[in-house]
Amino acid sequence: MTRAADMGWIGCHNCGAVHAPGPSRCRTCGAVLHARLPNSLQKVWAWLLTGVLFLIPANLYPLLSNEIFGHEEGHTILEGIVLFARSGDLLVAGVIFLASFVIPVVKVVVIALLAWSVHFDWQMDRRRRLLLYEFVEFIGRWSMIDVFVVALLTGLVHLGAILSFLPGLGAVCFAFSVICTMLSAQAMDAKLIWDDDRDE
Amino acid sequence: MTETDRKSEEQAAWAALFARDPDGVIACPACDRLHVATPVAPGQIARCTRCHFTLIAPRRDTLNRTLALALTSAVLMVALLGFPFLTLSRQGLSHEVSILGMVTGLAHGWYLLLALVVGLFVIALPMLRAAALVYVVWSLRRSRLAPASRRIFRLAEAVAPWAMTEVFIIGTGVALVKVAGLARVDFGTAFWLFCVMVLVLALKNASVCRWTIWALMREKSR
C-alpha cells in the first residue's frame, strides 16, 4: 500500500488532494498543507491536560442550585445523577451518567491511549485505533447535555420566591473541559497512526 | 520479484498517474493511503481501502437539496428565536421563555460564560454553518465562483462539530424531567420549530458530500 508520504507527496488533510512538495496551500481547497500536522501530539496533550484540570472543579463545585421557598440547595454532577436515580427517573439518570461522567472519562482515556500508541509506536490494530479516534470525535459534543440543562433551567425557572434555579461554577468548568477535550481530539493527526512501516 | 521491486513498480505507476492528472489521485485524509479517484454513483460510498474512512459519498441532486435544507434551517432558526420555547407555571405564577430570552437572561456576571456557550453552540454556529453553505452552494450554481468560496466552505466544515442543536434538544428533555415534579411545563411554538429544525439540519448534513463540492469548485475555477 502506497502512502502519499512514500512518494514524497503531501496529501491535503482537508480534502485529500495530492501535491508535489512546494506549494504551501492546497490548490483545491486552499487549506494550509502539511505532510503531518506540526506538533500534533504536543497540542493533543496540552488540550487534554487542560480539559482534565477543568474536570476537577467541574466535579467539586455545584453544577446547579435550586431555591425552593427560599431554601437553597446546590448539587454537583454526581449528586445530580443520584437525585435523578432516587426519584425513579432511571432513564434520565442513565443519560446524564453517560453524558457527564462516562463519556468525559472514556474520552480522556482513549485520547491518551491514542497519543501514547503513536508516541511509543505500540503494535495495536490500526483500524481499531482509527475507529476509537472517530468514536471520540463523534461522542465529544454529547457531553454538553448537562450544560444545556443548566442553562435552560436557570433561564426558564424564575418563579420568584417559590422556585428558581441558579447555575453553579461547576457548569462553566464542565463546559470548558468538554471544549478542551474536543480541541484535543481535533489536534490529533490520524495519519500518524499509520506511519510505522508495518505492512497490512 | 522481490518486495522492493514490487514497491518501486507500484510507485512508478503512481508517479505516472499523478503526472497525467494530479486531481485523479486522492490521499486519504485519515491515513495518507493513495487512491485513484473514480466516478462514484449517487447513493454509493467510496471508502479508503485501508482505514475505511469515507472518501466520496455523492448524493443525488446534492446542490439543490443542500441549498433548500440550509435555507429552511436558517429561516426556522430566525423564526424560532423570539417565540416562546417553554412556559412554566406554578401556583398562579407563570414564566415564559424564548431561546433568545434564555440567553440574554443569563448574560450577567459570570453567567455570561454560560450564555456564550449556549449562544455560540446552539444559535450562532449552526446559523453560521447554514449561511456559509447557502453562500457556497449558491456560488456553485452560478457560472462563476463567488469570492472566498473556498475559505467559506472550509469554515462551514470546521464549524460542523461545534453546532450542537441536537444535543440541546436532548438537554431540553432532561430539563423537562427535572422540572416535571416542581411545576407545570407547556411547550411553546419555538419548541416544535426547534424539533423540526434538528431534523432539517440532520438531513442537510447528510446531503453534503465534501468531495463533490471540492471537485465542482475545481471545475469552476478552471
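Residues numbered from 1 in each chain as written. Chains lettered and ligands numbered in written order. Predicted model: local features only at pLDDT ≥ 70, side-chain atom pairs only at ≥ 80, totals over all residues.

Would you mind showing me how to read the overall build of chain A here?
Within chain A, the secondary structure is distributed over six helices and six strands. Taken over 200 residues, chain A has a buried fraction of 45%. For chain A, the proportion of contacts with a sequence separation of at least 24, taken over those separated by at least 6, is 62%. (Helix = DSSP H or I, 4+ residues; strand = E, 2+ residues; numbered from the N terminus. Buried ≥ 20, exposed ≤ 12 C-beta atoms within 10 Å, placed from the backbone. Contact = placed C-beta atoms within 7 Å.)

So what exactly am I meant to see when it comes to the overall build of chain B here?
Along chain B, the regular secondary structure elements total eight helices and seven strands. In terms of C-alpha radius of gyration, chain B reaches 23 Å, well past the compact-globule figure of 17 Å for 222 residues. Seen through its principal axes, chain B has C-alpha atoms that stretch 85 × 45 × 35 Å. The buried share of chain B, taken over its 222 residues, is 36%. Relative to all contacts within chain B whose residues are 6 or more apart in sequence, the contacts with residues 24 or more apart total 60%. (Rg over C-alpha atoms; globule rule 2.2 N^0.38 Å.)

Honestly, the UniProt feature "transmembrane region" (unreviewed entry) in chain A in this entry has me stumped. Any pointers?
Residues and elements named next belong to chain A. UniProt records the feature "transmembrane region" (unreviewed entry) at residues 44-64, 90-118, 130-153 and 159-183, using the numbering of this structure. Within the segment residues 90-118, helix and strand shares are 100% and 0% respectively, and the terminal C-alpha atoms sit 39 Å apart. Secondary structure across residues 130-153 comprises 79% helix and 0% strand; the distance between its end C-alpha atoms is 38 Å. (UniProt positions renumbered as here; feature names shortened; annotations may be inferred.)

Looking at this model, I keep getting lost on the sheet that holds strand E7 (residues 184-187) of chain B. Mind explaining?
Sheet strands associate in pairs through backbone hydrogen bonding, adopting either a parallel or an antiparallel arrangement. Residues and elements named next belong to chain B. Judged by pairing direction, the sheet is antiparallel, and its three strands sit side by side in the order E6-E5-E7 without closing on themselves. Edge positions in the sheet fall to strand E6 (93-98) and E7, since each has one partner strand and no second. With direction set aside, neighbouring strand axes in the sheet form an average angle of 20°. Bridge count between strand E5 (residues 84-90) and E6: six bridges; the pairing is antiparallel. Bridging across to E6, Arg 90 finds its partner in Leu 93. (Pairing = 2+ DSSP bridges. Axes fitted to C-alpha atoms, helices over the stretch in contact; angles between N-to-C directions.)

What should I look at first to understand the domain arrangement of chain B in this one?
Often, the extent of an interface is quoted as the loss of accessible area on bringing the components together. Under the domain assignment, chain B is made up of domain 1 (3-56) and domain 2 (62-221). Computed over C-alpha atoms only, the centres of domain 1 of chain B and domain 2 of chain B are separated by 36 Å. (Domains from an automatic or database assignment.)

Would you explain the pairing of strand E3 (residues 64-68) of chain A in this entry?
If a strand is regular, its side chains alternate between the two faces of the sheet. All names here are of chain A. Relative to strand E4 (residues 71-75), E3 runs antiparallel, the two being bridged by five bridges. The residue of E4 that forms the bridge with Ser 65 is Gly 74. Taken together, E3 and the strand that follows it, E4, pair antiparallel across an intervening segment of two residues, in which Phe 69 is found at a positive phi of about 50°. Pairing analysis gives five bridges linking E3 to strand E6 (residues 163-167), with the strands arranged antiparallel.

Where do I start with helix H6 (residues 165-180) of chain B in this structure?
Owing to its 3.6 residues per turn, the α-helix brings residues three or four apart onto one side. End to end, H6(B) covers 22 Å across 16 residues, agreeing with the expected 22 Å (1.5 Å per residue, within 8%). For H6(B), the complete set of buried residues consists of B:Val167, B:Phe168, B:Gly171, B:Thr172, B:Val174, B:Ala175, B:Lys178 and B:Val179. Contact partners of the buried residues in H6(B): helix H3 (90-119) and helix H5 (145-156) of chain A together with E5, helix H4 (111-141) and E7 of chain B. (Expected span 1.5 Å × (residues − 1).)

Sorry, what's going on with the nonpolar core here?
For soluble globular proteins, nonpolar side chains are generally found buried alongside one another. Counting residues in each nonpolar core, the largest one holds 123 residues, and the members touching the most others are A:Phe148, A:Leu153 and A:Ala175. Ranked by the residues each element gives to this core, the list is headed by H4(B), at 14 residues. (Core = buried A, V, L, I, M, F, W, Y, C linked by C-beta atoms within 7 Å.)

So what exactly am I meant to see when it comes to the interface of chain B and chain A here?
Between chain B and chain A, the residue contacts involve 59 residues of the former and 53 residues of the latter. Tallying contributions element by element places H6(B) first for the side of chain B that touches chain A, with 10 residues. Here the side of chain B that touches chain A is composed, by residue class, of 39 nonpolar, eight polar and 12 charged. (Nonpolar A, V, L, I, M, F, W, Y, C, P; charged D, E, K, R; others polar.)

Which parts of the structure should I look at to understand the domain arrangement of chain A?
Looking at the assigned domains, one finds that chain A contains domain 1 (1-35) and domain 2 (38-194). Taken over C-alpha atoms, the centre of domain 1 of chain A sits 34 Å from the centre of domain 2 of chain A.

Please explain the environment of B:Ala148 as it appears in this structure.
Of note, B:Ala148 is situated in the loop between H4 and helix H5 (149-159). Sequence separation between B:Ala148 and B:Arg218 is 70 residues, and the spatial gap between their C-alpha atoms is 13 Å.

Mind showing me how you'd approach unusual backbone geometry here?
In most cases, non-glycine residues show a negative phi, while peptide bonds are predominantly trans. One non-glycine residue with positive phi stands out, namely A:Asp121, at about 60°. Within the fold, A:Asp121 resides in the loop between H3 and helix H4 (126-139). With 11 C-beta atoms counted inside 10 Å, the residue A:Asp121 sits in the exposed group. A positive phi angle, near 65°, is found at B:Ala148, a position not held by glycine. Judged by local crowding, B:Ala148 falls into the partly exposed class, with 14 C-beta atoms found within 10 Å.

Help me out: how do you make sense of the pairing of E5(B) in this one?
Residues and elements named next belong to chain B. Joining the antiparallel neighbours E5 and E6 is a turn of two residues, in which Gln 91 adopts a positive phi near 50°. Two elements, E5 and E7, share four bridges in a ladder whose sense is antiparallel. Its bridge partner lying in E7, Thr 87 is registered against Asp 186.

I'm lost on the confidence of the model for chain A in this one. Help?
Atomic detail in the predicted coordinates should be set aside for any region of low pLDDT. When the pLDDT values of chain A are averaged, the result is 88; 96% of them are 70 or greater. When mean pLDDT is taken per element in chain A, helix H1 (residues 40-60) of chain A scores highest with 95 and strand E5 (residues 158-159) of chain A scores lowest with 70. (pLDDT = per-residue confidence, 0-100.)

Any chance you could explain the packing of helix H2 (residues 77-86) of chain A against H3(A) here in plain terms?
Working note: a packed helix pair is described by the angle between its axes plus the distance between those axes. Residue and element names in this part refer to chain A. Following both chains from N to C, one finds H2 and H3 inclined at 165°, their axes separated by 8 Å at the closest point. As the angle between them shows, H2 and H3 are arranged roughly antiparallel. As for how H2 packs across H3, the hand of that crossing is left-handed. The residues of H3 that touch H2, namely those facing Ile 77, Leu 78, Gly 80, Ile 81, Phe 84 and Ala 85, are Leu 90, Val 92, Ala 93, Ile 96, Phe 97, Ser 100 and Phe 101. Taken together, the residues of the contact of H2 with H3 break down into 11 nonpolar, two polar and no charged. (Parallel < 35°, antiparallel > 145°, perpendicular 65-115°, else oblique. Left-handed = near helix turned anticlockwise from the far one by under 90°.)

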